[in-house]
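Secondary and tertiary structure notes
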Amino acid sequence: MTGGRWRDRGVAALGLTVIWVLLWGSFTPLTMVGGVVVAVIVLTVFPLPPVTYAGRIHPLSVLRFAGRFLTDMVLASAQVAALAFRFGHVPRSAVIAVPLRAPSDLGLTMTAEALSLVPGSLIVDVDRKRGILFVHVLDVSGPDSVERFRQDVLDLESRIIHAFGSPAERHALGEVPA
Amino acid sequence: MTGVLDVVAGVCLIVGALLSLSAGMALMRFPDLLSRMHAATKPQVLGLLLVLTGCALRLRDAVDITTLLLVAVFSMATAPVAAHMIGRAGYRAGLARKDLLVLDELREADDRR
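Just so you know, these numbers come straight off a predicted model, no measurement behind them.

Side note on the overall build of chain A
Per the secondary structure count, chain A includes six helices and three strands. The secondary structure elements of chain A, listed N-terminal to C-terminal, are α-α-α-β-α-β-β-α-α. Taking 16 Å as the expected radius of gyration for a compact globule of 178 residues, we find that chain A reaches 20 Å, considerably beyond that expectation. Taken along its principal axes, the extent of the C-alpha atoms in chain A is 60 × 40 × 30 Å. Buried positions account for 42% of the 178 residues belonging to chain A. Of the contacts formed within chain A by residues at least 6 apart in sequence, a portion of 66% connects residues at least 24 apart. Carbon and sulfur atoms form 70% of the exposed surface of chain A, whose accessible area is close to 9,900 Å². Side-chain charges in chain A split into 16 positive and 14 negative, and the spacing between the mean points of these groups amounts to 4 Å.

Focus on the interface of chain B and chain A
Across the contact, 42 residues belong to chain B and 45 residues belong to chain A. The contact between chain B and chain A buries some 3,700 Å² in all, and 69% of this surface belongs to carbon and sulfur atoms. A salt bridge links aspartate 125 of chain A to arginine 88 of chain B; the shortest N-O distance between them is 2.8 Å. Put simply, chain B and chain A have three residue pairs in polar contact (both at pLDDT 80 or more) between them.

Describing the UniProt feature "transmembrane region" (unreviewed entry) in chain B
Residues and elements named next belong to chain B. UniProt marks residues 6-27 and 65-87 with the feature "transmembrane region" (unreviewed entry), using the numbering shown here. The span residues 6-27 carries 100% helix and 0% strand; its end-to-end C-alpha distance comes to 31 Å. Taken end to end, residues 65-87 is 100% helix and 0% strand, and its first and last C-alpha atoms sit 33 Å apart.

Digging into the packing of aromatic side chains
Residues and elements named next belong to chain A. Throughout the structure, instances matching the rule amount to three aromatic pairs over all chains. Ring centres of phenylalanine 65 and phenylalanine 164 lie 6.1 Å apart, and the angle between their planes is 80°; on these two criteria the pair is classed as edge-to-face. One end of the pair, phenylalanine 65, is in helix H3 (residues 59-84); the other, phenylalanine 164, is in helix H5 (residues 143-164), with 99 residues separating them in the sequence. Exposure remark for phenylalanine 65: the relative accessible area of 13% places this residue in the buried category.

Considerations on the nonpolar core
Residues Phe65, Ile96, Val98, Leu115, Leu133 and Val135 of chain A are the most contacted members of the largest nonpolar core, which totals 39 residues. Counting residues per element, the ones that place at least two in this core are H3, strand S1 (93-99), helix H4 (105-117), strand S3 (132-137) and H5 of chain A together with helix H1 (2-29), helix H3 (43-59) and helix H4 (62-92) of chain B. If you tally residues by element for this core, the top one is H5 of chain A, at eight residues. Sequence-distant contacts of phenylalanine 65 of chain A, defined by excluding residues within four places in its chain, comprise Ala114, Leu156, Arg159, Ile160, Ala163 and Phe164 of chain A.

Concerning the pattern of salt bridges
In the structure shown here, the tally under the stated rule is eight salt bridges over all chains. Of the charged contacts, one joins arginine 150 of chain A and glutamate 147 of chain A as a salt bridge, the two residues approaching to 3.2 Å between their closest N and O atoms. Residue arginine 150 of chain A and its partner glutamate 147 of chain A are both found in helix H5; the two are separated by three residues, about one turn of the helix. The class for glutamate 147 of chain A is partly exposed, based on a relative accessible area of 43%. The shortest N-O distance in the salt bridge between arginine 58 of chain B and aspartate 6 of chain B comes to 3.7 Å. Here arginine 58 of chain B, found in helix H3, pairs with aspartate 6 of chain B, found in helix H1; they are 52 residues apart in sequence, far enough to count as distant. The exposure class assigned to arginine 58 of chain B is partly exposed, which follows from its relative accessible area of 48%.

Concerning a nonpolar patch on the surface
All names here are of chain A. On the surface, Phe27, Met32, Val33, Val37, Ile41, Val45 and Phe46 cluster together into a nonpolar patch covering about 710 Å² of accessible area. Of note, phenylalanine 46 is situated in the loop between helix H2 (29-45) and H3. On the basis of relative accessibility, which here comes to 58%, the residue phenylalanine 46 falls in the exposed class.

Let's talk about unusual backbone geometry
Residues and elements named next belong to chain B. At arginine 60, a position not held by glycine, the phi torsion is positive, near 50°. For arginine 60, the location among the structural elements is in the loop between H3 and H4. Its relative accessible area of 36% is what places arginine 60 among the partly exposed residues.

So, the packing of H3 of chain A against H1 of chain B
Two packed helices can be described by the angle between their axes and the distance between those axes. Look at H3 of chain A against H1 of chain B: their axes get within 8 Å of each other, and the N-to-C directions meet at 50°. Relative to H1 of chain B, H3 of chain A is oriented oblique. Like other packed secondary-structure pairs, H3 of chain A and H1 of chain B cross with a definite hand, here left-handed. On the side of H3 of chain A, the interface is formed by Ser77, Ala81, Leu83 and Ala84 of chain A, while H1 of chain B contributes Leu19, Ser22, Met25, Ala26 and Arg29 of chain B.

Basis of the calculations
Along each chain, the written sequence defines residue order, and numbers are assigned to residues from 1. Throughout, the order in which chains and ligands are written sets their labels, letters from A for the former and numbers from 1 for the latter. Local features in this predicted model are restricted to residues whose pLDDT is 70 or higher, and side-chain atom pairs enter the listing and the counts only when it is 80 or higher, whereas totals over whole chains, interfaces and linings include all residues. The side-chain figures draw on all heavy atoms in the structure; neither hydrogens nor water molecules are used. Numbered from the N terminus, helices here are DSSP runs of H or I no shorter than four residues, and strands are runs of E no shorter than two. Note that the radius of gyration is over C-alpha atoms, with the globule rule given as 2.2 Å times the number of residues to the power 0.38. Relative accessibility thresholds used throughout: buried, under 20% of the residue-type maximum; exposed, over 50%; partly exposed, between the two (1.4 Å probe, protein chains only). Contacts are residue-level and defined by heavy atoms, with any inter-residue pair within 4.5 Å sufficient. Only the protein chains shown count as cover for residues, and all accessible areas are computed by the Shrake-Rupley method using a 1.4 Å probe. When charges are counted, Lys and Arg are positive and Asp and Glu negative, with His and the chain ends excluded. Here the site of a charge means NZ on Lys, CZ on Arg, CG on Asp, or CD on Glu. A simple way to read buried area is as the amount of 1.4 Å-probe accessible surface that goes missing from two parts once joined, with both sides added. When a carboxyl oxygen of Asp or Glu is within 4 Å of a side-chain nitrogen of Lys or Arg, the pair counts as a salt bridge. Nitrogen and oxygen atoms within 3.5 Å of one another constitute a polar contact, given that in protein one can donate a hydrogen and the other can accept it, and given that sequence-neighbouring residues count only through two side-chain atoms. UniProt positions are given in the numbering used here, feature names are shortened, and annotations may be inferred rather than shown by experiment. Each Phe, Tyr or Trp ring, with Trp reduced to its six-membered ring, pairs with another whose centre is within 6.5 Å; inter-plane angles below 30 degrees give stacked pairs, above 60 give edge-to-face pairs, and intermediate values give tilted ones. We call a set of buried Ala, Val, Leu, Ile, Met, Phe, Trp, Tyr and Cys residues a nonpolar core when their side-chain atoms join them within 4.5 Å. The patch calculation keeps residues exceeding 30% relative accessible area without a salt bridge and links them within 9 Å when they carry like charges or within 5 Å when they are nonpolar (Val, Leu, Ile, Met, Phe, Trp, Tyr). Only C-alpha atoms enter the line fits that serve as axes; for helices the fit covers just the stretch in contact. Angles between N-to-C directions range over 0 to 180 degrees. An angle below 35 degrees is read as roughly parallel, one above 145 as roughly antiparallel, one from 65 to 115 as roughly perpendicular, and any other as oblique. Each crossing gets its handedness from the near helix: less than a right angle anticlockwise from the far helix is left-handed, clockwise is right-handed.

As structure tokens, then:
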């Protein structure tokens, strides 16, 4: 087993311990030790497939991504809510294919999750091998808005890669690796 | 200071509740399964976050806030997965109304396969 694998397991154990302590809601030695024991048991009994994470986290880009994500969520929520109360209008939609530029497993998952949390877009299917997301978009008026939305997804992907991506992924965006 | 926090908490709770109401309305009014999935899974995320924020501002207790934080994290992590599973199953079962789709690139991709 390589060192990277052990580091991943350590991160997973740490995450599980934090969740355990938060569930108990008290920061005592007993809950901490209990958390570590439970985490080790969980990781031994239910081993996860290895997730390769070669990226580095860039705090500024993370903030930019989070800020944009929150505004997107508020705007889109308002739009969907307005659509719900609009009578005499049947919203039309579209299923569009968006080929991502740097499809790693983790990048694909994060883009899909972030996209799904914003109202108005829903992942219908994923082509993991070719890195294509099939997105259902609510309230599409025509080809223009489809293209605009496709560009929005690619922008979201590049924000995520700027925040969490590896140099190889940055390179795939067509930029000089940071 | 407590007064201000209470007002902010109240606003968060009311706006969150209104968003959840609009989600319910959308669930009733949207025309097909995929559109309804948006209503069933999305506005509630922001609505829930606002309600949780409101509760946290009102409770002001470390134990409660950590629990609220976990609720927020897990609902944000699981909502997209649930939406994806139902949407995908529904689409494959032919429940999506094709006449409402301006464009369907998934069917084109399926046809090529």
